[in-house]
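# Examination of the molecular architecture
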Amino acid sequence: MVAYARKFGENENDWAVAGLLHDFDYERYPNEAQAADAEHPSEGVRHLRSLGVSEEICQAILGHATFTGVPRETRMAKALFAVDELCGLITAAALVRPSKSVLDLEASSVKKRMKDKAFARGVNRDDVILGAQELGVELEPHIAFVIDAMRAQADALGLRGSVGA
C-alpha cells in the first residue's frame, strides 16, 4: 500500500493504516456466509469508526470485500482491493520456492501459479485480475510492482528465505 501511495503521490501513512487494519477482525469474525453488514469487515469498521479512523480508510476496508457491496471509489480503495489477494498469492509463490524468498521471485512465476487452481486455493484469481483493472494497471506489471514492494520489506514479512542469508 505504501509503495502505491508513493507512486500515486498519496498519503503514505493513511494508505499504510488501511493496509495494516483491513483484516484485523478476520479471525474473530471470519464471515463465511459473506454477510454484507455483519462480521468481517463490517464489525471491524464499526470499531474503527468508534476510534475516529477516517471515513476514507473505513470505506476502503469495506470495499476490499466485494460482498459488502461498497463501491471502491477512491484510489486507496482500489489499491487495497488490488493488492489484498495478490499479496497472498505472492507470499505463497515465494514460500514454495527452494529459497523460500520473495527476493528471487519473478512476476512471470506468479502469473503461471495463478493458472494452477489447486495452488493457493484460497486466493480469488478473479479479484486479482479485477483489482488490476480497477486500479488501471496491466496485470503483469502490477504483479511485478507488488513483488518489488514486498522485496523492500522481505525481512519484516519473513520472506527473505535463504537468499542473501
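This report concerns the structure included in the present document. Quantities reported herein were computed from a predicted structural model and do not represent experimental measurements. (Residues numbered from 1 in each chain as written. Predicted model: local features only at pLDDT ≥ 70, side-chain atom pairs only at ≥ 80, totals over all residues. Heavy atoms only, no water.)

## Quick notes on the overall build of the protein chain
The condition that has to hold: Helix and strand definitions follow DSSP, with helices as H or I runs of at least four residues and strands as E runs of at least two, each counted in order from the N terminus. Here the globule rule is a power law, 2.2 Å times the number of residues to the power 0.38, and the radius of gyration is based on C-alpha atoms. Each residue gets one of three labels from its accessible area relative to the maximum for its type: buried under 20%, exposed over 50%, partly exposed in between, using a 1.4 Å probe on protein chains only. Throughout, the Shrake-Rupley method with a 1.4 Å probe supplies accessible areas, and for residues the shown protein chains are the sole cover considered. The convention is simple: Lys and Arg are positive, Asp and Glu are negative, and His and the chain ends are not counted. Each charge is placed at NZ for Lys, CZ for Arg, CG for Asp and CD for Glu.
Check the secondary structure of the protein chain and you find nine helices and zero strands. Starting at the N terminus, the α and β elements of the protein chain follow one another as α-α-α-α-α-α-α-α-α. Computed over C-alpha atoms, the radius of gyration of the protein chain comes to 16 Å, within 12% of the 15 Å expected from 2.2 N^0.38 for 165 residues, which places it in the range of a compact globule. Taken along its principal axes, the extent of the C-alpha atoms in the protein chain is 45 × 35 × 30 Å. Looking at the 165 residues of the protein chain, the share that counts as buried comes to 39%. Approximately 8700 Å² of the protein chain is accessible, and the part contributed by carbon and sulfur atoms is 50%. One finds the centroid of the 19 positive side-chain charges in the protein chain at a distance of 7 Å from the centroid of its 25 negative side-chain charges.

## Looking at the nonpolar core
Worth spelling out the cut-off: Buried Ala, Val, Leu, Ile, Met, Phe, Trp, Tyr and Cys residues form a nonpolar core when they are joined through side-chain atoms within 4.5 Å. Contacts are assigned to residue pairs that have any heavy atoms within 4.5 Å of one another.
I90, V102 and V110 are the most contacted members of the largest nonpolar core, which has 43 residues in total. Ranked by residue count, the leading element in this core is helix 5 (residues 75–95), at eleven residues. Apart from the residues within four sequence positions on either side, V110 is in contact with L86, L89, I90, A93, L105, I143 and I147.

## Notes on the packing of helix 3 (residues 42–50) against helix 4 (residues 55–63)
Applicable threshold: To obtain each axis, a line is fitted to C-alpha atoms, and for helices this fit is confined to the stretch in contact; angles are then taken between N-to-C directions over 0 to 180 degrees. Just so you know how the angles are binned, under 35 degrees is roughly parallel, over 145 roughly antiparallel, 65 to 115 roughly perpendicular, and the rest oblique.
The geometry of helix 3 relative to helix 4 is characterised by a closest axis approach of 10 Å and an angle of 175° between their N-to-C directions. Accordingly, the angle class assigned to the pair helix 3 and helix 4 is roughly antiparallel. Together, S42, V45, L48 and R49 of helix 3 and E55, C58, Q59, I61 and L62 of helix 4 make up the contact between the two elements.

## Overview of the pattern of salt bridges
The criterion, for reference: For salt bridges, the criterion is a side-chain nitrogen of Lys or Arg within 4 Å of an Asp or Glu carboxyl oxygen.
Per the stated rule, a full pass over the model turns up ten salt bridges. R75 is the salt-bridge partner of E10, the closest N and O atoms lying 4.0 Å from each other. One end of the pair, E10, is in the loop between helix 1 (2–8) and helix 2 (12–21); the other, R75, is in helix 5, with 65 residues separating them in the sequence. Overall, the relative accessible area of 33% leaves E10 in the partly exposed class. R151 is paired through a salt bridge with D148; the nearest N and O atoms lie 2.9 Å apart. Of this pair, R151 and D148 both sit in helix 8 (residues 139–151), three residues apart, which is roughly one turn of that helix. Judged by relative accessible area, R151 falls into the partly exposed class, the value being 24%. In the salt-bridge network here, residues are joined through shared partners; they are E106, D148 and R151.

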